[in-house]
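# What the coordinates show
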Amino acid sequence: MSSPLLDHLIEALRCLPGVGQKSAQRMAYHLLERGREGGLKLSAALAEAIERIGHCELCRDFSEEKICAICASNSRERSLLCAVESPADRLVIEQATGYRGRYFVLQGRLSPLDGIGPRELGLDRLATRLADGEVKELIIATNPTVEGEATAHYLAQLARQFDVHPSRLAHGVPLGGELEYVDRGTLAHAFGSRIEVER
Ligand code: ZN
């Protein structure tokens, strides 16, 4: 059997991470055989999310509004700013620690070989925030990978330019690990006992 629409669906499903030709075929057959209702819900949710979710103008996290709920909140500490690589990292810090400051989501890490530099991470916008005098401490919560460390070093230098104190999470987050997968107790502890960034 050959159906151009089926081929098209399989090809489209392959945009998901970790989904190759075989998985895409299985998903497509599943949707058509037993999951049509779920498939319709999925396609509607997908279209709406992609249409309506943008980035917060202040922190670059995903948001349906120009300014996200955390940035807009009056109850968050304005002197603390925490830089994370991804929205998933922001979420895990929010859930695992009692942090009440605000965030800046880099949406990546410095990676010159992939063409990801300061501009791609929105560091001009971060500089603007650091320059307004409200932020006193920049908590750098990049992942302890080689690129995450290089990014942390860069951010610490940027913070010092504006007389903002840069700090990092204490040990406990394993080297090469990703924050997203560190257990919550460890993360809360590492977050609570922050350390000075070495020059
Ligand atoms: Zn925001």
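This is a predicted model, so every value here is computed, not measured.

Definitions and cut-offs
Here the residue numbering is sequential within each chain, running from 1 through the sequence in written order. Where local features are concerned, this predicted model is filtered to residues with pLDDT of at least 70; where side-chain atom pairs are given and counted, the filter is 80 or more; whole-chain, interface and lining totals use all residues. Working from all heavy atoms in the structure, the side-chain values ignore hydrogens and water. Secondary structure follows DSSP: runs of H or I at least 4 residues long count as helices, runs of E at least 2 residues long count as strands, and numbering of each begins at the N terminus. Summary of the burial criterion: residues with accessible area below 20% of their type's maximum are buried, those above 50% are exposed, and those between are partly exposed, where the area comes from a 1.4 Å probe applied to protein chains only. The contact definition used throughout considers only heavy atoms, calling two residues in contact when any of these lie within 4.5 Å. Accessible surface area values rest on a Shrake-Rupley calculation with a 1.4 Å probe, where residue burial reflects the displayed protein chains alone. When charges are counted, Lys and Arg are positive and Asp and Glu negative, with His and the chain ends excluded. Charged side chains are reduced to one point each, which is NZ for Lys, CZ for Arg, CG for Asp and CD for Glu. We call an atom a donor if it is N, O or S and sits within 2.8 Å of the metal, or 3.2 Å for Na, K and Ca. Water is not counted, so some sites may look partial. Square planar and octahedral assignments, for four and six donors respectively, both demand that opposite donors be over 155 degrees apart and that all other angles lie between 65 and 115; tetrahedral needs four donors with all angles between 85 and 135 degrees, and anything else is irregular. The rule for pairing is simple: two strands pair if DSSP sees at least two bridges between them. Axes here refer to lines fitted to C-alpha atoms; in helices the fit is confined to the stretch in contact. Angles between the N-to-C directions go from 0 to 180 degrees. Residue ranges for the domains originate in an automatic or database domain assignment. Patches draw on residues past 30% relative accessible area with no salt bridge. Two like charges within 9 Å are joined, as are two nonpolar side chains (Val, Leu, Ile, Met, Phe, Trp, Tyr) within 5 Å. Take a side-chain nitrogen of Lys or Arg and a carboxyl oxygen of Asp or Glu: if they are within 4 Å of each other, that pair is a salt bridge.

### Focus: the overall build of the protein chain
The helix and strand tally for the protein chain stands at eight helices and seven strands. Here the protein chain holds 199 residues, and 42% of them are scored as buried. Across the protein chain, every contact between residues at least 6 apart in sequence was considered, and the portion connecting residues at least 24 apart equals 59%. Accessible surface, the protein chain as shown: approximately 11,900 Å² in total, 55% of it carbon and sulfur. Of the side chains in the protein chain, 24 bear a positive and 28 a negative charge, and the two mean positions are spaced by 2 Å.

### What to know about the coordination of the zinc ion
Taken together, C56 (SG), C59 (SG), C68 (SG) and C71 (SG) make up the protein donors of the zinc ion, found 2.3 to 2.4 Å from the metal. Here the zinc ion is ringed by four donor atoms whose angles at the metal span 106 to 116°, and the overall shape comes out tetrahedral. Of note, the donors binding the zinc ion are all from one chain and are spaced C-x2-C-x8-C-x2-C. Note on C68: relative accessible area 8%, which makes it buried.

### Here's the deal with the sheet that holds strand β7 (residues 195–196)
Strand order in the open sheet made by the five strands is β4-β3-β5-β6-β7, with mixed pairing throughout. Whereas interior strands pair on both sides, the edge strands pair on one side only; in this sheet they are β4 (102–105) and β7. Pairing analysis gives four bridges linking strand β3 (residues 80–84) to β4, with the strands arranged parallel. From the neighbouring strand, V84 faces β4, where its bridge partner is V105. Against the sheet, helix α5 (residues 87–96) engages β3 and β4, with an angle of about 160° to β4.

### Topic: the domain arrangement of the protein chain
Split into domains, the protein chain comes out as domain 1 (4–52) and domain 2 (55–168). The gap between the C-alpha centroids of domain 1 and domain 2 is 34 Å.

### Points about a nonpolar patch on the surface
Side chains of L42, L46 and I50 sit close together on the surface and give an oily, nonpolar patch of about 320 Å² of accessible area. Structurally, the position occupied by L42 is in helix α3 (residues 36–52). Here L42 falls in the partly exposed class, since its relative accessible area comes to 47%.

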